[in-house]
Amino acid sequence: MSNDTTEEPDELEAEGEGVLFGFPPSTLRVTLKRRSRGWRVGGAARIFGTSVILAPVMALLPPHAIWPIGVLLTGGFLARRRLSEHFTLIDLSGLCPKCEMALAIKRGRLRTPHPLPCDGCHHESTLRLPEGLLAP
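Since we're looking at a predicted model, the values are computed, not measured.

## Topic: the sheet that holds strand E3 (residues 87-94)
What the 6 strands build is an open sheet, ordered E4-E3-E2-E1-E6-E5; its pairing is antiparallel. The strands lining the two open edges of the sheet, one partner per strand, are strand E4 (108-109) and strand E5 (114-117). Pairing geometry for E5 and strand E6 (residues 124-128), over 4 bridges, is antiparallel. Each bridged residue has a counterpart across the sheet, and for Leu-116 the counterpart in E6 is Ser-125.

## Some words on the layout of surface pockets
Here the largest pocket is characterised by a volume of approximately 240 Å³. At the level of secondary structure, the elements contributing two or more residues to the lining of the largest pocket comprise E4 and E5. With 3 residues, E5 is the largest single contributor of residues to the lining of the largest pocket. Class assignment for the residues of the lining of the largest pocket results in 4 nonpolar, 2 polar and 5 charged.

## Details of the packing of helix H1 (residues 37-58) against helix H2 (residues 66-83)
Contact geometry for H1 and H2: axes closest at 8 Å, N-to-C directions at 175 degrees. On the basis of the axis angle, H1 is roughly antiparallel to H2.

## Thoughts on the packing of aromatic side chains
Counted according to the given criterion, the structure contains 0 aromatic pairs. Lying across the ring of Trp-39, Arg-35 places its NZ or CZ 4.1 Å from the centre. One cation-aromatic arrangement involves Arg-82 over Trp-39; the distance from NZ or CZ to the ring centre is 4.2 Å.

## A word on the confidence of the model for the protein chain
Detailed reading of the predicted coordinates is not advisable wherever pLDDT is low. With 93% of its residues at a pLDDT of 70 or more, the protein chain has an overall mean of 92. In this model, residues 1-6 is a region of pLDDT below 50 whose contacts with residues beyond four sequence positions or in other chains number 0 contacts.

## Description of unusual backbone geometry
Cis rather than trans, the peptide bond between Pro-62 and Pro-63 has omega equal to -15 degrees. Looking at the element boundaries, Pro-63 is found in the loop between H1 and H2. Although it is not a glycine, Glu-100 adopts a positive phi angle of roughly 60 degrees. Tracing the chain through its elements places Glu-100 in the loop between E3 and E4. A relative accessible area of 59% means that Glu-100 is categorised as exposed. Of note, His-122 is a non-glycine position whose phi angle comes to about 65 degrees, a positive value.

Thresholds, definitions, all that
Residues numbered from 1 in each chain as written. Predicted model: local features only at pLDDT ≥ 70, side-chain atom pairs only at ≥ 80, totals over all residues. Heavy atoms only, no water. Pairing = 2+ DSSP bridges. Helix = DSSP H or I, 4+ residues; strand = E, 2+ residues; numbered from the N terminus. 1 Å grid on protein atoms, 1.4 Å probe; cavity = no way out; pocket = protein on both sides within 12 Å on 5 of 7 lines; lining within 4 Å. Points joined across faces, edges and corners; volume = space filled by probe spheres on them. Nonpolar A, V, L, I, M, F, W, Y, C, P; charged D, E, K, R; others polar. Axes fitted to C-alpha atoms, helices over the stretch in contact; angles between N-to-C directions. Parallel < 35°, antiparallel > 145°, perpendicular 65-115°, else oblique. Phe/Tyr/Trp six-rings, centres within 6.5 Å; stacked < 30°, edge-to-face > 60°. Lys NZ or Arg CZ within 6 Å of the ring centre and 35° of its normal. pLDDT = per-residue confidence, 0-100. Contact = heavy atoms within 4.5 Å. Buried < 20%, exposed > 50% of the residue type's maximum accessible area, 1.4 Å probe, protein only.

Here's what the structure looks like:
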């Protein structure tokens, strides 16, 4: 029997580059986690549902109109962010292209282009990943 599963791995490891104009790119080791449609939609619904439940409670605090509007707008914004999170950046190891200090990143949503702030030189390089890595 052959096992013909076409499921893609949950976590991807790849080599990328830290790019800063005027300096040679540095090699980075990146770990990404692919997020399923169910994870994204379920999280967005949970976030927005919480804000809908919380909005009437917040209307009891003066000024009465501002708080529920703020809660609903914040819930919509956070739900939209969850829907757009196709990949999560789990880990990144490598050096800054300018000062060659180790880069430290926070785990979070992978953005395109993803900024890589350096604590040493205070410049912000960007992450360049291999072509086709983020294709569905």
